[in-house]
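Overview (structure and organization)
Okay, here's what each chain looks like letter by letter:
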Amino acid sequence: MKFDNIVAKRTGKTVYRDGDKCIMVFDENYSKSGILNEALNQSRIEETNLFVPKVLEVARFEGKWAIVSEFIEGKSLADYMKEDPDNYDKYLEQFVDVQMQIHAQKSPLLTKLKDKMNRKISETNLDATTRYELHTRLEGMPKHSKVCHGDFDPSNVIVKEDGSYYVIDWAHATQGNASADVARTYLLFCLAGEEENAEKYLNLFCKKSDTAKQYVQKWLPIVAASQSVKGNEHEREFLLSWVDVVDYE
């Protein structure tokens, strides 16, 4: 394996390319169970009708864990949006279409989204009353079993030369309510400082999927709270600003 061609750097991991292989090398302090779970998630998604890179092996290099998968040659939708802003709306529609294809899948062995969110809410530093309200709201939301990406943004959709799409980064995949996944994507746009595009995305998704916008908005405090336990201090402050259960009652 060669480690001289860095493709991307993310929190706790570095991604390399070696020919037709993608090597994701994790920092030494990264959770072993988290790494194995990410490989397992991606393997389970391989069994759906989605185009995803195949996991080739989980290995250790110089004392660090790594996931080796297929390298997908292409450009991300985020790159297209940045390089060709005049056609942003076209790329955004493609982005929503891919997300709807994801939600049309089933993967019964994935972690249940509600279980993960309940656990994350319990891990926050929010006061007991707010946690109770969030747990109660979460339990009251309809139970679905759709595949949810959990970190779906345009940088995770790779477009090949033939126009086909591959979706990467399945570390946070669960099965559950698609509107929670949409709320997460909305917040990702906002975290990137793209509030206008966040609204455009939400309106487009709701129109194409015939989903009430108010229904997705009910998920925002829940999703924001569950996501606030990770990330840097700025991100936590921003996400916690959404955790006002009264706002969307």
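See above for the structure.
Below you will find a few notes about this structure. Counting starts from 1 at the beginning of each chain's written sequence and moves along it residue by residue. Given that the model is predicted, a residue must reach a pLDDT of at least 70 before its local features are reported, and side-chain atom pairs must reach 80 or more before they are shown or counted; all residues, however, enter totals for whole chains, interfaces and linings. The basis for every side-chain value is the complete set of heavy atoms in the structure, and neither hydrogens nor water enter the calculation.

Re the overall build of the chain
Looking only at helices and strands, the chain features nine helices and 10 strands. What the globule rule says is 2.2 Å times the number of residues to the power 0.38, and the radius of gyration is computed from C-alpha atoms. Computed over its C-alpha atoms, the radius of gyration of the chain comes to 18 Å, within 12% of the 18 Å expected for a compact globule of 249 residues. Residue burial is assigned from relative accessible area. The probe radius is 1.4 Å, only protein chains are included, and a residue is buried under 20% of its type maximum, exposed over 50%, and partly exposed in between. When the 249 residues of the chain are sorted by exposure, 45% land in the buried category. Entry remark: accessible area of the chain is about 12,800 Å², with carbon and sulfur atoms responsible for 47%. Charged residues are defined here as Lys and Arg on the positive side and Asp and Glu on the negative side; His and the ends of the chain fall outside this count. One atom stands in for each charge, and that atom is NZ of Lys, CZ of Arg, CG of Asp or CD of Glu. A gap of 5 Å separates the mean positions of the 33 positive and 41 negative side-chain charges of the chain. A run of DSSP states H or I qualifies as a helix once it reaches four residues; a run of E qualifies as a strand once it reaches two. Both are numbered from the N-terminal end. Computed with the Shrake-Rupley method and a 1.4 Å probe, the accessible areas treat only the protein chains shown as cover for residues.

Focus: the nonpolar core
Nonpolar cores were defined as sets of buried Ala, Val, Leu, Ile, Met, Phe, Trp, Tyr and Cys residues, with membership established by side-chain atoms within 4.5 Å. Ranked by size, the top nonpolar core spans 51 residues in total, and within it F95, W170, Y186, Y201 and W219 carry the most contacts. The residues contacting F95, other than those within four sequence positions of it, are L77, M81, F152, D153, P154, V157, T185, F189 and Y201. Only heavy atoms matter for contacts: two residues are in contact if any of them lie within 4.5 Å across the pair.

Regarding helix α8 (residues 213–227)
In this analysis, the expected span of each helix is defined as 1.5 Å times one less than the number of residues it contains. In this model α8 runs 21 Å from its N-terminal to its C-terminal C-alpha over 15 residues, within 8% of the 21 Å that 1.5 Å per residue would give. Of the surrounding elements, those touching the buried residues of α8 are α4 (113–123), α5 (128–140), α6 (178–191), α7 (195–209) and α9 (233–240).

A look at the sheet that holds strand β1 (residues 6–10)
Strand pairing within a sheet occurs via backbone hydrogen bonds; the two strands may be parallel or antiparallel. Spatial strand order, β1-β2-β3-β5-β4: five strands in an open sheet with antiparallel pairing. Each edge of the sheet is formed by a strand with only one pairing partner; in this case those strands are β1 and β4 (55–61). Strand-to-strand twist across the sheet, computed as the mean angle between neighbouring axes with direction ignored, equals 20°. Note on pairing: DSSP must find at least two bridges between two strands before they are called paired. With six bridges joining them, strand β2 (residues 13–18) and strand β3 (residues 21–26) adopt antiparallel strand pairing. To get an axis, fit a line to the C-alpha atoms, keeping to the stretch in contact for a helix; angles then go from 0 to 180 degrees between the N-to-C directions.

Some remarks on the pairing of β1
Two elements, β1 and β2, share four bridges in a ladder whose sense is antiparallel. Looking across to β2, one finds that R10 is bridged to K13. Taking the residues that link successive antiparallel strands as the turn, the β1-β2 hairpin has two residues, and the phi of G12 there is positive, at about 80°.

Observations concerning the environment of S164
Within the element layout of this structure, S164 appears in the loop between β8 (157–159) and β9 (165–167). Sequence-wise, S164 and T48 are 116 residues apart; in three dimensions their C-alpha atoms are separated by 16 Å. Residue contacts for S164: discarding those within four places in its chain leaves I158 and V159. Side-chain polar atoms of S164 contact the side chain of D162, separated by 2.7 Å. Residues adjacent in sequence count toward polar contacts only when both atoms are side-chain atoms; beyond that, a polar contact is any pair of N or O atoms within 3.5 Å, and within protein one must be able to donate a hydrogen and the other to accept it.

Examining the side chain of T48
In this structure, T48 sits in the loop between α1 (32–46) and β4. Of the residues examined, T48 reaches a relative accessible area of 12% and is grouped as buried. Among the polar contacts made by the side chain of T48, one reaches the main-chain carbonyl oxygen of I45 at a distance of 2.6 Å. In this structure the side chain of T48 is engaged in a polar contact, spanning 3.2 Å, whose partner is the backbone nitrogen of L50.

Let's talk about the pattern of salt bridges
A pairing counts as a salt bridge when a side-chain nitrogen of Lys or Arg comes within 4 Å of a carboxyl oxygen of Asp or Glu. With the rule as written, the count across this model stands at 10 salt bridges. The partner of D89 in a salt bridge is K200, and the shortest N-O contact between them spans 3.1 Å. Here K200 lies in helix α7 and D89 lies in helix α3 (residues 88–103), a separation of 111 residues in the sequence. Its relative accessible area of 31% is what places K200 among the partly exposed residues. Close ionic contact of D151 with R184 constitutes a salt bridge, the shortest N to O distance being 3.5 Å. Of this pair, D151 sits in the loop between β7 (146–148) and β8 while R184 sits in helix α6, and the two are 33 residues apart along the sequence. Looking at D151, the relative accessible area reads 14%, which means it is buried. By sharing partners, the salt bridges in this structure join E93, D97 and K208 into a single network.

Some thoughts on the sheet that holds β8
Spatially, three strands are ordered β6-β8-β9 in an open sheet, and the strand pairing comes out antiparallel. At either end of the open sheet lies a strand with only one pairing partner, and these are β6 (75–76) and β9. Across three bridges, β8 lies against β9 in antiparallel orientation. Looking at β9, one finds that V159 is bridged to Y165. Packing of α3 onto the sheet brings it into contact with β8 and β9, and relative to β9 it is tilted by some 60°.

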